[in-house]
Amino acid sequence: MSHHSSLFDRYSTRRQRPPKDKIGSQAKHDSAVSHVMGTATYVDDMLKPQNTLHLAIGKSAHAHARVLSMDLSAVQAADGVIDVITFKDLPAKTDIGPVFDGDPLMVDQITEYVGQTLFTVVATSHRAAKKAALKAIVEYEPLAAILTIDEALKQEQFVRPSHFMTRGDAQAELEGAPIRIAGHIHMLGQEHFYLEGQVSYVVPCDDGGLEVYTSSQHPSEVQQLVAEVVDLPFHAVTTVVRRMGGGFGGKETQAAAWACLCGIVAKRHNVPVSMRLDRQDDMVVTGKRHEFANRYEVGVNDAGQVLGVDMQLSGLCGYSPDLSDAIVDRAMFHCDNAYYYPAAQIAGHRCKTHTVSNTAYRGFGGPQGLLTAEYMMDDIAYSLGKDPLQVRLANLYQNGQSTHYGQPIEHFDLATIMQTLADDNEYDQRRAQITAANQKAEAEGSDKRYGMALTPVKFGISFTVQMLNQAGALVHIYTDGTIQINHGGTEMGQGLYIKIAQIVANEFDVDLDTVKVTATRTDKVPNTSPTAASSGTDINGKAAQNACIIIRERLVEFAAEHFDVNAADIKFECNHVHIGDKETLTFAEMVLLAYQHRVSLSSTGYYKTPKIFYDRSKAWGRPFFYFALGASCSEVEIDILTGEYKVLRCDILHDVGQSINPAIDIGQIEGGFVQGMGWLTAEELVWDKKGNLASNGAANYKIPTAHDLPKQWSVKLFERKNEEQTIYNSKAVGEPPFMLAASVWCAINNAVASLGGYQKNPELTMPATPEAVLKSVMRMQGQAWDIAVKTDTGTIASLTVTNDDGGIDDDKVKPQQVAHGKDINPPEVVGKLTDDQPEAIENPNVSTARGPAHSE
């Protein structure tokens, strides 16, 4: 028996129109209403029983030290504390490294970054656990710490071996080049700053297993690591992820530790266990985007075309490998961006430092490689006195060429995209106007300067680890004609679920509202890959399509036999099934009929990405299925007196292939661009000389807001079918737009370059904060950044306390005591025994002041 829900249009209505929200329509995000209303349920919103225990961690105070002793008696005796767990209490596996070992769940003897977990407090509330953790007394033996890339390179300290990519004889080309240019660029990391912090909730099951609710991009990895640390088989642990409040890569590997701790305690006490990190803790104890210090030497001809490149990319990985091998590899893959290097020698170093292990972040190393190429193009342009856009166009890849790692260049539309964007935005005319405006500003003594840049993006789509390029899905059709889909991708706000639902609806040509995507669960789709590398829709969409095709073929085979028609004459159209000229059934009627004749209405689907391979021993292959392309043109205004800047205008043309959902795609482009702009202009991670993160909260770490958006902003899709057989010939859109923000940074660089007549490449760092812009301006003007006054070393020495290493505690000069800070009562006036106005003391007039002087 089948029932038709009143939630959906009746089939008599659907017969009159095509299905709602088909592929290519701007269907809204499946959780849009609940996001806006605040009713969407995240892990920490789940109702938990009263006996739920809560966890907090005790954190290391040293970047590198030997733990001599830990007195946890006061922690154990604190209110609400049930248990305290240290390394020796871990029941099974102790290392949770995602690829290579090196990530201990807790410190055994040596701590390798400030904030590393020393112990875990188990208490009846989050607050009680947090308060108790502060009562620990830990004795350390400090050890020498490596905190910078330069120190790691000097001491040859790496978390993984260096990797090299070579094509041709780069040194010979450099030596024979008419012009040789050398440069370096330093770019800082970036905090993920997801709205929902790291959180996990684990419930013990009556069969001895565990159900893990986590905010993770990689449910299968969490399942496996939790199982290993509590000594269970994988099938005894189920991981559930309905949604995340943002991830951006920060929840690919680094959500696992908190789930593991909850799993250990849940198994130990047989009660539900919850753990969430406060924002400050989250920022201190989780990894960031990798900081990079990159160097290049390039040989070019008189036209500015590259002849040979020697490039060194050095990533600050932190104390452990995490995903750094693949991240630095991707930086190496993208250090060409869109430009052909006839001869190249690329080195990638994975620097070990005593800081938190850096991890995946949108772009996964690609932006750090790409920005090096863009800075180098600016360097070439200004060194030769050319427009940077002309140098970029002159060096673009052509179809038939190959990358420095051997991937052939095919279907390369970037020249068309860039020229279209330049023409639509009157690039040449605006460039002339900006040059004239800068000349006028200099003549008039104005502090305003203008800059403009048009930069391309070429981003490879696929996991560079081949085995991750696979996905599964599970599709059920119920007898009322509704469809449920489960797949291995996770929803972190990017719109993956709605795209998969549209794909499923499209396969049966039914209304989108009859399709429901359920929470990602490891007991429905096993062995999932992380939702990362921009591959979520590509691989999970194909897996879902595969499952639908299997079910549809069963229905066609049944209908052909049952109604005695040719299979080719059976069509799924407009919520109906047309069976030749014999019968037209609603989709629900067809499904019910098939069920009554014992036809399976459920199927798994599977997909693996074709064509890709990479021989690491030869540094040669085709690591990417295809390239996503795009270009952006930005115009900025800077103030050379303060370093402040405004993004006046930005125009984007981005290649998404044949878009599955243009509204979602444009939203991703806008969000990625703003996040990239934040990394390149505002988000400054600051560490002190002891390895402490100083920018550890929203008060001292600046992410972009609505006020930072371009004053005039246009985003358009370059809709041309992907030549590769992706899902409906679409292209990935998650990470590539992040790098469109390069145009903003290059435009600021261009504005600074105007001070030198566009004849010299400015020394501008990333992020280009107002201070960094001002430094760059002053260097361009030949001024010293440091104030040329004699330092009062005596006063500083009297105000500071030095540590054992001779450094200044807190790395900041402490303010002097206020003059009356201790002696608040003024000395008695000679001869006076009474106050002239005694009533003012008892009844002070506070209407216009804070009170009488006596109370100050």
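Everything discussed here concerns the structure shown above.
All values derive from a computational prediction rather than experimental measurement.

**Q** I keep staring at the overall build of the chain and nothing clicks. Help me out?
**A** A count of helices and strands for the chain gives 22 helices and 29 strands. With 856 residues in all, the chain has 57% of them scored as buried. Accessible surface, the chain: about 36,200 Å² in total, of which carbon and sulfur atoms supply 50%.

**Q** Can you help me understand a nonpolar patch on the surface in this one?
**A** Together, Val-33, Val-36 and Met-37 make up an exposed nonpolar region whose accessible area comes to about 350 Å². Note that Val-33 resides in helix H2 (residues 32–37).

**Q** For this particular structure, what's the right way to read the sheet that holds strand E15 (residues 344–352)?
**A** Hydrogen bonds between backbone atoms are what pair the strands of a sheet, whose relative direction is either parallel or antiparallel. Spatially, 5 strands are ordered E7-E15-E14-E13-E8 in an open sheet, and the strand pairing comes out mixed. Across the chains shown, the open sheet's two edge strands, defined by having one partner strand only, are strand E7 (158–167) and strand E8 (179–187). The average undirected angle you get between the axes of adjacent strands in this sheet is 10°. Where strand E13 (residues 291–300) lies against strand E14 (residues 306–318), 10 bridges are found, and the strand directions are antiparallel. Bridging across to E14, Val-298 finds its partner in Val-309. Packed on one face of the sheet, helix H11 (residues 366–384) meets E8, E13 and E14 and runs near 140° to E8.

**Q** Sorry, what's going on with the environment of Leu-210 here?
**A** Relative to the assigned elements, Leu-210 resides in strand E10 (residues 210–214). A sequence separation of 57 residues divides Leu-210 from Lys-267, and the C-alpha atoms of the two residues are 7.9 Å apart. Residues in contact with Leu-210, not counting those within four places in the same chain, are Val-202, Val-203, Pro-204, Cys-205, Val-226, Val-230, Leu-232, Ala-236, Val-237, Thr-238, Gly-263 and Ala-266.

**Q** Teacher, can you tell me more about the sheet that holds strand E17 (residues 470–477) here?
**A** The 4 strands lie next to each other as E19-E18-E17-E24, forming an open sheet whose pairing is mixed. The outermost strands of the open sheet, each flanked by one partner alone, are strand E19 (515–517) and strand E24 (602–608). In this sheet, adjacent strand axes meet at a mean angle of 20° when their direction is disregarded. Sheet strands touched by helix H16 (residues 536–563): E17, strand E18 (483–487) and E24. Its angle to E24, the strand with the most contacts, is close to 140°.

**Q** Sorry if this is basic, but what is going on with helix H8 (residues 256–269) here?
**A** Residues that lie three or four places apart on an α-helix share one face, since the helix turns once every 3.6 residues. Given a rise of 1.5 Å per residue, 14 residues ought to cover 20 Å, and the 20 Å separating the end C-alpha atoms of H8 matches this to within 8%. The set of residues buried in H8 consists of Ala-256, Ala-257, Trp-258, Ala-259, Cys-260, Leu-261, Cys-262, Gly-263, Ile-264, Val-265 and Ala-266. Once H8 ends, the next one or two residues include Asn-270, with phi positive near 55°.

**Q** How should I be thinking about the side chain of Asn-438 in this particular structure?
**A** Mapped onto the fold, Asn-438 is located in helix H14 (residues 427–444). On the basis of relative accessible area, Asn-438 is assigned to the buried category, the value being 4%. Sequence-distant contacts of Asn-438, defined by excluding residues within four places in its chain, comprise Arg-449, Tyr-450, Ser-754 and Tyr-758.

**Q** Sorry if this is basic, but what is going on with the side chain of Arg-649 here?
**A** Turning to its location among the elements, Arg-649 is positioned in strand E28 (residues 645–655). Excluding residues within four positions of it along the chain, Arg-649 makes contact with Asn-425, Arg-430, Cys-633, Ser-634, Glu-635, Pro-710 and Gln-712.

**Q** Just checking my understanding: could you explain unusual backbone geometry for this structure?
**A** Glycine aside, negative phi is the norm for most residues, and most peptide bonds take the trans geometry. Cis geometry is adopted by the peptide bond preceding Pro-767, which originates at Met-766 and carries an omega value of 10°. Following the sequence through the fold, Pro-767 ends up in the loop between helix H19 (742–753) and helix H20 (770–780). Backbone geometry at Ser-462 places phi at a positive 155°, although glycine is not the residue there. Structurally, the position occupied by Ser-462 is in the loop between strand E16 (448–461) and E17. Residue Ser-462 is classed as buried on the basis of its relative accessible area, which comes to 3%. Here Asn-729, not a glycine, exhibits a phi torsion of approximately 60°, which is positive. Relative to the elements of secondary structure, Asn-729 occurs in the loop between strand E29 (712–718) and H19.

**Q** Looking at this model, I keep getting lost on the packing of H11 against H19. Mind explaining?
**A** A pair of packed helices can be characterised by two numbers: the angle between their axes and the separation between those axes. In contact at an axis separation of 11 Å, H11 and H19 are set at 25° when each is read in the N-to-C sense. With respect to H19, the element H11 is oriented roughly parallel. H19 is crossed by H11, and the crossing has right-handed handedness. When H11 is examined against H19, the residues Leu-370, Leu-371, Glu-374, Tyr-375, Asp-378 and Tyr-382 are found in contact with a partner set consisting of Ala-742, Trp-745, Cys-746, Asn-749, Asn-750 and Ala-753. Tallied by class, residues from the contact of H11 with H19 come to 8 nonpolar, 2 polar and 2 charged.

**Q** Hey, could you run me through the packing of helix H7 (residues 219–230) against H8 in this one?
**A** In contact at an axis separation of 9 Å, H7 and H8 are set at 40° when each is read in the N-to-C sense. Taken together, the axes of H7 and H8 lie oblique to each other. Read as a crossing pair, H7 and H8 show a hand that is right-handed. Touching Val-222, Leu-225, Val-226, Val-229 and Val-230 of H7 are Ala-256, Ala-259, Cys-260, Gly-263, Ile-264 and Lys-267, all from H8. Classifying every residue of the contact of H7 with H8 gives 9 nonpolar, 1 polar and 1 charged.

**Q** Would you explain the pattern of salt bridges in this entry?
**A** When the charged atoms of two side chains with opposite charge come close together, those side chains can pair. Applying the stated criterion across every chain yields a total of 38 salt bridges. A salt bridge links Asp-281 to Lys-130; the shortest N-O distance between them is 2.7 Å. Linking Asp-281 in helix H9 (residues 279–285) with Lys-130 in helix H4 (residues 126–133), this pair joins segments that are 151 residues apart in sequence. Lys-130 gets classed as partly exposed once you look at its relative accessible area, which sits at 26%. Between Glu-297 and Arg-180 there is a salt bridge, with the nearest N and O atoms lying 2.6 Å from each other. Of the two residues, Glu-297 is situated in strand E13 and Arg-180 in strand E8; the sequence distance between them amounts to 117 residues. Judged by its relative accessible area of 23%, Glu-297 falls in the partly exposed class. Taking the relative accessible area as the measure of exposure, Arg-180 reaches 40% and is therefore partly exposed. One network of salt bridges, with partners in common, ties together Asp-44, Lys-59, Lys-130, Arg-276, Asp-278 and Asp-281.

About the thresholds
Residues numbered from 1 in each chain as written. Predicted model: local features only at pLDDT ≥ 70, side-chain atom pairs only at ≥ 80, totals over all residues. Heavy atoms only, no water. Helix = DSSP H or I, 4+ residues; strand = E, 2+ residues; numbered from the N terminus. Buried < 20%, exposed > 50% of the residue type's maximum accessible area, 1.4 Å probe, protein only. Areas by Shrake-Rupley, 256 points an atom, 1.4 Å probe, with all protein chains shown as cover. Patch = residues over 30% accessible without salt bridge, like charges linked within 9 Å, V, L, I, M, F, W, Y side chains within 5 Å. Salt bridge = Lys/Arg side-chain N within 4 Å of Asp/Glu carboxyl O. Pairing = 2+ DSSP bridges. Axes fitted to C-alpha atoms, helices over the stretch in contact; angles between N-to-C directions. Contact = heavy atoms within 4.5 Å. Expected span 1.5 Å × (residues − 1). Parallel < 35°, antiparallel > 145°, perpendicular 65-115°, else oblique. Left-handed = near helix turned anticlockwise from the far one by under 90°. Nonpolar A, V, L, I, M, F, W, Y, C, P; charged D, E, K, R; others polar.

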